[in-house]
Amino acid sequence: MHAFDIEIAGCVIHAETIHTRPEAICRDFIVTDKIADIDIRITETDIDVDRKEYEACFDICDPWEGFLEVSTLCRLLTNRFIDYDTILLHGAAIAINQKSFVFSAPSGTGKTTHMLQWIRNLSKTIVINGDKPFLKFCEDGSILTCGSPWAGKEMIYTNTMVPLKSIILMERAENNHIEQISFAEAFPTLLQQTYRPEDADKMCKTLRLMQRLPQTVTFWRFQCNNFKEDCFDVAYNALVRDQR
Amino acid sequence: MKLKYDFEVVDMGEEKIAVPVGNGANNLRGVIKLNDEGYEIFKLLLDGKNESEIISAICNKYDNDVETIRGYVECFIKELVKMQIAE
């Protein structure tokens, strides 16, 4: 059993895992001498849940347990985080001038490719998390995009929290086009990309938190072709330049 | 006839969106967008009312003839069954 403490989204988590891999993945979030808000002890049964899901999704038999346990820790933590007004949104989160933007879409749409365009074109771009940022709903009404170690294949992340300004729902298209949309328009896709707990009470809490989003966050539909030259400019002009 | 899942209805102003919650809810892809009439029927289904109770409740609330309301309700419920949301 391996025990370590991490701090994510302002919460201290004491984790006990079977393999060393989760601790290695979480290395930039390790804290010491802090009192834990959340205790997570992973069992073989917990890992089995992720094994079944992984095998069903990727048609791979008998994946390495240490690898699976990283996902197990993420899943168990995401479930517990709902009690701390924090939810997981599948997307690539970046920050510019202390404002964050989450590009959300199903896997394979081009979130990471687009995120890399921001890094290339705008040196002040900070990547909060390339795949699974947490959104923390604060008591003062603000919503923070929080870094986490679960950051997809590229593993690009920063241990930071930045106020959320916009959620951009990406879809592949021939030409680049971005437009602001209402929360009602964004909601079905947004929900698909949000972690949805099995527990009904936790799911209802997730929905209540999501209903706070339109108070401070704008929503955009981004029809995106990462291979066209104007891709970054179209997004940047709408999201950052024209919003100053 | 009953709903196969529990739902939480999110109020979006112009429309309501019913989101499946709880056991097995993630098997159901997507959400149900409801207009005002659909919301009235859906609320009654969530309360466990059967088809004739729903028709009767809506007739009491709105000044419309029974056959028109029966048509709306039957059509709505048929759609839910087709979407495997109700059984």
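Anything mentioned here points back to the structure above.
First things first, this report covers the structure right here in the doc.

Conventions and cut-offs
- Residues numbered from 1 in each chain as written.
- Chains lettered and ligands numbered in written order.
- Predicted model: local features only at pLDDT ≥ 70, side-chain atom pairs only at ≥ 80, totals over all residues.
- Heavy atoms only, no water.
- Helix = DSSP H or I, 4+ residues; strand = E, 2+ residues; numbered from the N terminus.
- Rg over C-alpha atoms; globule rule 2.2 N^0.38 Å.
- Buried < 20%, exposed > 50% of the residue type's maximum accessible area, 1.4 Å probe, protein only.
- Contact = heavy atoms within 4.5 Å.
- Buried area = accessible area lost by both parts, 1.4 Å probe.
- Salt bridge = Lys/Arg side-chain N within 4 Å of Asp/Glu carboxyl O.
- Polar contact = N/O pair within 3.5 Å; in protein donor to acceptor, adjacent residues only side chain to side chain.
- Nonpolar A, V, L, I, M, F, W, Y, C, P; charged D, E, K, R; others polar.
- Pairing = 2+ DSSP bridges.
- Axes fitted to C-alpha atoms, helices over the stretch in contact; angles between N-to-C directions.
- Left-handed = near helix turned anticlockwise from the far one by under 90°.
- Arc of directions from axis to C-beta.
- Phe/Tyr/Trp six-rings, centres within 6.5 Å; stacked < 30°, edge-to-face > 60°.

On a plain count of helices and strands, chain A comes out with eight helices and 12 strands. Expected size for 244 residues packed as a compact globule is a radius of gyration near 18 Å; at 18 Å, chain A falls within 12% of this value. Dimensions of chain A, computed from C-alpha atoms along their principal axes, come out at roughly 50 × 45 × 35 Å. Taken across its 244 residues, chain A has 54% of its residues classed as buried. The contacts of chain A with a sequence gap of at least 6 include a subset with a gap of at least 24, amounting to 68%.

A common way to state how big an interface is: give the accessible area lost once the parts meet. Contacts between chain A and chain B engage 13 residues on the former and 17 residues on the latter. Together chain A and chain B conceal approximately 1300 Å² of surface at their shared face, both sides included; 62% is due to carbon and sulfur atoms. Linking chain A with chain B are zero salt bridges. Summed over the shared surface of chain A and chain B, the number is zero residue pairs in polar contact (both at pLDDT 80 or more). Of all the secondary structure elements, the ones that give two or more residues to the side of chain A that touches chain B are helix H5 (183-192) and helix H6 (200-210) of chain A. Considering each element in turn, the side of chain A that touches chain B owes the most residues, six residues, to H5(A). Grouping the constituent residues of the side of chain A that touches chain B by class yields nine nonpolar, two polar and two charged.

A few words on the pairing of strand S12 (residues 218-224) of chain A. Along a regular strand, successive side chains alternate from one face of the sheet to the other. Of the pairings in the sheet, the one linking strand S10 (residues 161-172) of chain A to S12(A) comprises seven bridges and is parallel in character. From the neighbouring strand, A:Leu169 faces S12(A), where its bridge partner is A:Arg221.

What follows covers the environment of A:Cys224. Within the element layout of this structure, A:Cys224 appears in strand S12. Once residues lying within four places of it in the same chain are set aside, the contact partners of A:Cys224 are A:His114, A:Met170, A:Glu171, A:Arg172, A:Ala173, A:Asn176 and A:Cys231.

Let's shift gears to the packing of H5(A) against H6(A). Residues and elements named next belong to chain A. The geometry of H5 relative to H6 is characterised by a closest axis approach of 12 Å and an angle of 145° between their N-to-C directions. Helix-helix and strand crossings are classified by hand; for H5 and H6 the assignment is right-handed. Between H5 and H6, the residues in contact are Phe183, Phe187, Leu190 and Leu191 and Met203, Leu207 and Met210, respectively. Tallied by class, residues from the contact of H5 with H6 come to seven nonpolar, no polar and no charged.

Moving on, we come to helix H2 (residues 51-61) of chain B. Residue and element names in this part refer to chain B. Residues Ile54, Ile55 and Ile58 constitute the buried set of H2. Buried residues in H2, looked at end-on, bunch into an arc of 100°, giving them a common side. Among the exposed residues of H2, those oriented more than 90 degrees off its buried face are Ser52 and Asn60. Taken together, the buried residues of H2 touch helix H1 (36-46) and helix H3 (66-82).

With that settled, consider the packing of aromatic side chains. All names here are of chain A. Scanning all chains against the criterion turns up 11 aromatic pairs over all chains. Ring geometry for phenylalanine 29 and tyrosine 157: centres 5.5 Å apart, planes at 45°, overall tilted. Within this pair, whereas phenylalanine 29 is found in the loop between helix H1 (21-25) and strand S3 (38-41), its partner tyrosine 157 is found in the loop between strand S9 (143-146) and S10, the two being separated by 128 residues in sequence. Comparing phenylalanine 29 with tyrosine 157 shows no difference in burial state: the two are buried.

Residue and element names in this part refer to chain A. Assignment of secondary structure puts arginine 75 in helix H3 (residues 65-81). Of the residues examined, arginine 75 reaches a relative accessible area of 18% and is grouped as buried. Here arginine 75 is in contact with Asp46, Val49, Asp50 and Tyr195, once residues within four sequence places are set aside.

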